[in-house]
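Here is what each chain is made of, one letter per residue.
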Amino acid sequence: MAARVGLTTERLVQAGAELADEVGFGQVTVSALARQFDVKVASLYSHLKNSQDLKTRIALLALEELADRVSAALAGRAGKDALAAFANVYRDYAREHPGRYAAARLPLDAETAAASAGGRHAQMTRAILRGYDLTEPDQTHAVRLLGSVFHGYVSLELAGGFSHSAPDSQETWSWILDRLDAMLRNWPAP
């Protein structure tokens with residue numbers, strides 16, 4: 001069967017990413033995408049192997065979009081300013097694109113992960129930490145700590161975990177960034 005005019009892998013992945021933001025990343029399948037384009041599922045298999053391939057491609061798109069935003073936000077910043085810019089990009093992206101944000105957490109095989117923008121995320125996190133003068137293995141511990149705090153907070157916030165109590169979640173977010181900065185500035189020497 002010939003591919004439908006106008007359907008490309010890139011267009012399908014973009015539509016899949018938009019669908020993920022609308023209905024949740026877990027609900028994205030080739031069948032759901034075919035319904036959206038009013039085509040038979042088989043017509044999409046010339047562009048996508050299966051639903052896992054679609055999800056992997058959405059994850060790669062999300063990682064790339066997020067890395068581009070973080071890179072732009074970090075330009076010319078250091079210390080707490082860089083830390084806050086980095087964290088705020090993640091939080092804002094998750095709010096704007098909850099399905100894509102979930103996709104960015106998809107476990108990838110080693111080869112796909114190595115070729116993804118995931119490495120850029122790690123490099124940018126390490127660049128922020130150089131402003132705090134951390135050496136290994138502390139730098140790796142700090143990368144993991146920041147990732148855990150940012151992703152944990154954002155995930156809980158997206159799930160409504162902070163919507164029923166005071167103080168406002170923005171106040172807590174700012175408090176967390178202040179405390180992380182203080183902790184990184186006062187990191188104990190090995």
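Up top is the structure.
These numbers were taken from a predicted model, which means no experiment stands behind them. (Residues numbered from 1 in each chain as written. Predicted model: local features only at pLDDT ≥ 70, side-chain atom pairs only at ≥ 80, totals over all residues. Heavy atoms only, no water.)

Participant: Sorry if this is basic, but what is going on with the environment of Lys55 here?
Facilitator: Note on placement: Lys55 falls in helix 3 (residues 51-74). Taking C-alpha positions, Lys55 is 7.9 Å from Thr29, a pair spaced 26 residues apart along the chain. (Helix = DSSP H or I, 4+ residues; strand = E, 2+ residues; numbered from the N terminus.)

Participant: Please explain the pattern of salt bridges as it appears in this structure.
Facilitator: Pairing between side chains becomes possible if they bear opposite charge and their charged atoms approach one another. In this structure the tally under the stated criterion is 12 salt bridges. A salt bridge links Arg100 to Glu65; its shortest N-O distance comes to 2.9 Å. Of this pair, Arg100 sits in helix 5 (residues 98-103) while Glu65 is found in helix 3, placing the two residues 35 residues apart along the sequence. One salt bridge in this structure joins Asp181 and Arg185, with 2.8 Å as the shortest N-O distance. Placement of the pair is Asp181 and Arg185 together in helix 9 (residues 169-185), with a separation of 4 residues, close to one helical turn. (Salt bridge = Lys/Arg side-chain N within 4 Å of Asp/Glu carboxyl O.)

Participant: What exactly am I supposed to notice about the layout of surface pockets here?
Facilitator: Remark: the empty space left among the atoms is shown by a probe the size of a water molecule rolled over them. The calculated volume of the largest pocket comes to roughly 350 Å³. Going through the elements one at a time, helix 3, helix 4 (79-96), helix 7 (118-130) and helix 8 (138-158) are the ones with two or more residues in the lining of the largest pocket. Per-element tally for the lining of the largest pocket: the top contributor is helix 8, with 7 residues. In the lining of the largest pocket, the residues fall into 12 nonpolar, 7 polar and 2 charged. (1 Å grid on protein atoms, 1.4 Å probe; cavity = no way out; pocket = protein on both sides within 12 Å on 5 of 7 lines; lining within 4 Å. Points joined across faces, edges and corners; volume = space filled by probe spheres on them. Nonpolar A, V, L, I, M, F, W, Y, C, P; charged D, E, K, R; others polar.)

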